[in-house]
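Residues per chain, in single letters:
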Amino acid sequence: MDITFSPAEQQFRAECRDWLHDNVPDQRRPMDAADALDFDKAWQRRLFDAGWAGINWPTEYGGRGLSIVQQVIWLEEYANANAPWIGANFVGVNHGGPTLILNASDAQKAYHLPRILRGEAIWCQGFSEPGAGSDLAGIKTRGRIEGNELVITGSKIWTSFAHVADWQELVLRTEEGSQRHKGLSWVICPMHAPGIEVRTIRKMSGQTEFAQVFYDDVRIPLDNVVGGLCNGWKVAMSTLSFERGTGFIADQVKQSEEVEELLERARQTGALKDDRIAEQLAQLRAEVAALRAMTYRNISQVVRTGQPGAESSVIRLFTSELGQRLERMALLLAGDDILDFRYGDDNLVAEYLRGFAATIAGGTAQIQRDIIAERLLGLPKSR
Amino acid sequence: MDLTPNDEQVSFISATAKWCADNLPLDGARSRPPALWQQLEAMGWTGMTAPGMDLDHATEALVLAELGRHLAPIALLSTAVTARWAGQPGKTALALLDKDLTGGLVRVFDAPGATHALGLVGGLAAITPLPSDLGGEPGLDLTVPLAHLDPAPPFSPIGGPDAGLHLQLLAAAFAVGCADAARDMAAEYAKLREQFDRPIGWFQALKHICSDSAVRCEVARSQLYYAAGALDAGDPGAAFHIAAAKQLADQAALENARANVQVHGGIGMTDEAAPHLCLKRAHLLSFIAPVRRDILLGEAA
Ligand SMILES: Cc1cc2nc3c(=O)[nH]c(=O)nc-3n(C[C@H](O)[C@H](O)[C@H](O)COP(=O)(O)OP(=O)(O)OC[C@H]3O[C@@H](n4cnc5c(N)ncnc54)[C@H](O)[C@@H]3O)c2cc1C
């Protein structure tokens, strides 16, 4: 065991830091959806041009082919530099792209991966349905095979970025009459195809970042199936493992920045003299340190064995609840100023309200606890 | 950067785990054989931290977490610190001093066979010679003989500030082991015990108690590894990282021990069953090198 970084890794860190110092935009990510999209695309393009997109993606698809350790160093410096959230590029970069790298055909990879990295193609995730949330295997959206086309009918919901996306990771039932995990396929669905309607949904934070998507006889090429027809459950599980695993490293790193900001605020306002607040901040600081240690331990495991340990599900649950504890601390320090919150404000209240997603989206905290008990401790399956 | 045990460390851990499984069953922690300390000496665990051995803190923490999982003798902690910083061979008991540090009462744990006791005086490690006949009776922690010295004898410091950190790190390692033991005991029982015609671990209410224990273990263990590495690397943040490890390890040990009693139901709160042994050990560990809040907040002078 060794907590120190090699000279080459330190050199890489210095390069990240220098570039970010000169290039992080002064402007905050806009609140307006259309402006935010332009902002996200331009920023992703800049990252790509400078070689910071896809640090651990294969070089043949526009990545740098470096290790996950370098990816983490980049994300640490990214958070330190207060660089913007990757926004609409989240799905493509964090789990759509990685799913394609693992499961897609050469032609699919060659077309999509560089576009994702360059910020030219925005992706969204069509897994959840009105009747299939935690119980994802209850998917009812159907794809009927006609010649070399799939004809899609049904609906997806809570689809983040659906209103701005070009492509979708769509999981649907391609075998008539199939049940549960069988007969599903993971397909690349063009969001601009005729028959697709997107109705945005407003969150309690005021933003309209997700939507319900309706499919009315939408025709897409059968070639868009990824990882084989009716093999969708397996491909979807790999998507979720990226979404729940490496996809959250950026959030984890950000939390260590946040706790220092909270401490500074508590010092300035004198709130730190309150014993309860001091106690909670001390605890949060210890927890954030442990989260970083867990992340390092997990990526060390990836470097050593090629895959993350069973602790990934633990990290995911711990980060999501820790993030919410940090948001509640910010709220406590703000006092009754939070009562002035209005839709459109981009502040700690909006963060707090959006933060409820951490224990719901990508598998609820309850489902995560089931997974930990069943896979890590071997307790009997109850679902 | 690598926060996983290397091959050598893995073999250390598995050798320790195997020996403990054969010789230190947790449910026998109240009646250890009189020659246990000599056996531990023969296995090399009492002298492994001596200056000539060049053992890093990471390996030491890994081995002590295994021993801690079996509620091994508490004097292993004080003996390891004394061996490293005073080069002193033989058993050293563990002393807990009064808060005000002047006079008052000293509690001495695991005194039989020990020539000295080690405690923290104002955060610094310090030792005192012990009367040769100091024995002790079990207190709250039924696995450890406890004796009192009143008034406190004079203590002389050993090592520098790192010796105090070393004790805190090792106590954290013991607490991580204790938390693991409680987690595993609960999970095992939840698979075996049946009510309503199924294992009680089928019920989510219990399942989630167990997964929360697992989360606390992983969190504390990860920070323990980082803290040990920080002490090895001479990292300026070592004091903070060790404090964080101790804080999270103490919480994991205590909360997992309580959860384990709950998962066991009625039998869980009996003298006969093992869960209270972990609970009581967790309470004892929380008083060894306790965490200072100013260090966690990065405000220590
Ligand atoms: C901000 C946000 C963004 C999202 N983005 C996307 C997206 O881009 N694409 C996408 O496909 N989906 C997305 N989702 C959907 C998300 O994956 C689902 O909300 C989630 O899986 C839960 O499903 P549900 O909302 O139907 O809740 P339900 O499954 O109905 O759950 C309701 C409650 O019941 C509990 N529950 C359900 N089953 C069990 C059980 N077996 N044991 C114990 N408790 C149980 C849940 O934990 C929860 O507390 C998003 C959600 C949010 C909040």
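Calculation rules
- Residues numbered from 1 in each chain as written.
- Chains lettered and ligands numbered in written order.
- Predicted model: local features only at pLDDT ≥ 70, side-chain atom pairs only at ≥ 80, totals over all residues.
- Heavy atoms only, no water.
- Helix = DSSP H or I, 4+ residues; strand = E, 2+ residues; numbered from the N terminus.
- Rg over C-alpha atoms; globule rule 2.2 N^0.38 Å.
- Buried < 20%, exposed > 50% of the residue type's maximum accessible area, 1.4 Å probe, protein only.
- Contact = heavy atoms within 4.5 Å.
- Lys, Arg positive; Asp, Glu negative; His and termini not counted.
- Charge placed at Lys NZ, Arg CZ, Asp CG, Glu CD.
- Domains from an automatic or database assignment.
- Buried area = accessible area lost by both parts, 1.4 Å probe.
- Salt bridge = Lys/Arg side-chain N within 4 Å of Asp/Glu carboxyl O.
- Polar contact = N/O pair within 3.5 Å; in protein donor to acceptor, adjacent residues only side chain to side chain.
- UniProt positions renumbered as here; feature names shortened; annotations may be inferred.
- Phe/Tyr/Trp six-rings, centres within 6.5 Å; stacked < 30°, edge-to-face > 60°.

**Brief notes about the overall build of chain B**
The number of helices and strands found in chain B is nine helices and nine strands. Taking 301 residues into account, the globule formula puts the C-alpha radius of gyration at 19 Å, and chain B, at 19 Å, falls close to it. When the 301 residues of chain B are sorted by exposure, 56% land in the buried category. In chain B, the proportion of contacts linking residues at least 24 apart, taken out of those at least 6 apart, comes to 71%. Of the side-chain charges in chain B, 21 are positive and 33 negative, and the distance between the mean point of each set is 7 Å.

**Focus: the domain arrangement of chain A**
Residue and element names in this part refer to chain A. When its domains are assigned, chain A resolves into domain 1 (7–122), domain 2 (124–231) and domain 3 (245–376). For domain 2 versus domain 3, the separation of C-alpha centres amounts to 31 Å. In this complex, domain 2 contributes eight residues to the contact, which on the side of domain 3 involves eight residues. Interface area, domain 2 with domain 3, both sides summed: about 680 Å², of which 59% is carbon and sulfur. Summed over the shared surface of domain 2 and domain 3, the result is one salt bridge. One salt bridge in this structure joins Arg354 and Glu209, with 2.7 Å as the shortest N-O distance. Summed over the shared surface of domain 2 and domain 3, the result is one residue pair in polar contact (both at pLDDT 80 or more).

**Quick look at the UniProt feature "domain: Acyl-CoA dehydrogenase/oxidase N-terminal" (unreviewed entry) in chain A**
Listed under "domain: Acyl-CoA dehydrogenase/oxidase N-terminal" (unreviewed entry) in the UniProt record, and renumbered for this structure, are residues 7–120 of chain A. In the segment residues 7–120 of chain A, helix accounts for 64% and strand for 0%; the C-alpha atoms at its two ends are 35 Å apart.

**Structural notes on the packing of aromatic side chains**
All names here are of chain A. Taken as a whole and assessed by the stated rule, the structure comprises 17 aromatic pairs over all chains. Measuring from centroid to centroid gives 6.2 Å for Tyr111 and Trp167, while their planes differ by 80 degrees, and the two rings are edge-to-face. Taken as a pair, Tyr111 in helix H5 (residues 106–117) and Trp167 in strand E4 (residues 167–173) lie far apart in primary sequence, 56 residues in all. For Tyr111, a relative accessible area of 37% puts it in the partly exposed group. Take Trp167: its relative accessible area is 17%, and that puts it in the buried class. On the basis of an interplanar angle of 70 degrees and a centroid distance of 6.5 Å, the ring pair of Phe341 and Tyr343 is categorised as edge-to-face. By relative accessible area, which is 18% here, Phe341 ends up buried. Judged by relative accessible area, which is 49%, Tyr343 ranks as partly exposed. One aromatic cluster in this structure is built from Phe12, Trp19, Trp43, Trp52, Trp74 and Tyr78.

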